[in-house]
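Next come the chains, spelled out residue by residue.
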Amino acid sequence: MPRLSATNPFIHPDCDITDSTFGAYVEIGRGSRLNNATFGDYSYCDRYADIANAQIGKFANIAAFSRIGATDHPLDTAACHHFLYRSADYWDDTTWDEAFFSHRKSRIAHIGHDTWVGAGAMVKPEVTLGDGAVVAAGAVVTKDVDPYTIVAGAPAKPLRLRQPRNIADRLVALAWWDWDHDALREALDDFRALKADAFLEKYEN
């Protein structure tokens, strides 16, 4: 029987998950922390991923120790410490700064379909990774990444295309990530054996 399920995410031990939703066949690695995150079908994160305020597409591959939607601190005030917005942790007569938390929660990172975020990489708030994009291990992504583009470094810069632009555009148009589970199984041998251009030639029509 398959380990993953269409109805229940496979959540490993020691995870801390709040305000998050999951599609079919999702897996969450040991010790991961998720807050205000949405995972599309078939997406997963490996061990100790830290994901906040993020919209994850389908078939996203998120490696161990990566961080998406990394929360930030206020930089235009006299101090940037927690006591400004987690004030009730320090004094009885005050509350948390809910406006600050609402603003933080609104800054969504968008991770496209069939993407790969490498080990230890960071994707900053409000950044969009296009469908098919790849983030190299240890990269710090501060700007949007075009579809099927590989980025590396800190700050991350384009390294090369994962697929030529004409192939990338055709893959986005094909949107195989929207196929149902049975259709994916039927095409599995071709996913394994064919290069992208040959796969497109067979399935575009």
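Just above, that's the structure.
Rules of the game
- Residues numbered from 1 in each chain as written.
- Predicted model: local features only at pLDDT ≥ 70, side-chain atom pairs only at ≥ 80, totals over all residues.
- Heavy atoms only, no water.
- Salt bridge = Lys/Arg side-chain N within 4 Å of Asp/Glu carboxyl O.
- Helix = DSSP H or I, 4+ residues; strand = E, 2+ residues; numbered from the N terminus.
- Buried < 20%, exposed > 50% of the residue type's maximum accessible area, 1.4 Å probe, protein only.
- Pairing = 2+ DSSP bridges.
- Phe/Tyr/Trp six-rings, centres within 6.5 Å; stacked < 30°, edge-to-face > 60°.
- Lys NZ or Arg CZ within 6 Å of the ring centre and 35° of its normal.
- Patch = residues over 30% accessible without salt bridge, like charges linked within 9 Å, V, L, I, M, F, W, Y side chains within 5 Å.
- Areas by Shrake-Rupley, 256 points an atom, 1.4 Å probe, with all protein chains shown as cover.
- Contact = heavy atoms within 4.5 Å.
- Polar contact = N/O pair within 3.5 Å; in protein donor to acceptor, adjacent residues only side chain to side chain.

S.K.: Where do I start with the pattern of salt bridges in this structure?
M.R.: Working definition: two side chains of opposite charge can pair if their charged atoms are close together. Under the counting rule described, the total for this entry stands at eleven salt bridges. K58 is the salt-bridge partner of D178, the closest N and O atoms lying 2.9 Å from each other. Highlighted residues: D178 in the loop between α2 (165-174) and α3 (181-186) and K58 in the loop between β7 (50-56) and β8 (61-62), separated in sequence by 120 residues. Classification of D178 as partly exposed rests on a relative accessible area of 49%. Because the salt bridges share partners, they merge into one network encompassing R33, D50 and R67.

S.K.: Looking at this model, I keep getting lost on the sheet that holds strand β14 (residues 134-135). Mind explaining?
M.R.: Two strands in a sheet stick together by hydrogen bonds in their backbones, pointing the same way (parallel) or opposite ways (antiparallel). Taking strand neighbours across the sheet as the criterion, the eight strands line up as β1-β4-β6-β8-β11-β14-β16-β17 in an open arrangement whose pairing is mixed. Unpaired on one side and paired on the other, β1 (10-11) and β17 (157-161) mark the two borders of the sheet.

S.K.: For this particular structure, what's the right way to read the packing of aromatic side chains?
M.R.: For any pair of aromatic rings, the description consists of the separation of the ring centres together with the inter-plane angle of the planes. Here the structure, examined in full by the defined rule, presents 18 aromatic pairs. Between Y85 and F101, the aromatic rings sit 5.6 Å apart at their centres with planes inclined by 80°, giving edge-to-face as the arrangement. Of this pair, Y85 sits in the loop between β9 (67-68) and α1 (98-106) while F101 sits in helix α1, placing them 16 residues apart in sequence. We classify F101 as buried; its relative accessible area is 16%. Aromatic ring contacts, followed pair by pair, group Y25, Y42, F59, W176, W177, W179, F191, F199 and Y203 into a single cluster. If you follow R3 out to its NZ or CZ, it ends over the ring of F10, 4.9 Å from the centre. It is R86 that lies over the ring of W96; its NZ or CZ is 5.1 Å from the centre.

S.K.: Explain a nonpolar patch on the surface to me, please; I cannot follow it from the model alone.
M.R.: Residues F83, Y90 and W91 make up a contiguous nonpolar surface patch of roughly 320 Å² in combined accessible area. Tracing the backbone through its elements, the reader meets W91 in the loop between β9 and α1.

S.K.: How should I be thinking about the environment of Y42 in this particular structure?
M.R.: Counting through the fold element by element, Y42 comes out in the loop between β5 (33-39) and β6 (44-45). For Y42, a relative accessible area of 19% translates into the label buried. Here Y42 is in contact with A24, Y25, V26, F59, A60, H181 and L184, once residues within four sequence places are set aside. A polar contact of 2.6 Å, which involves the side chain of Y42, links it to the side chain of H181.

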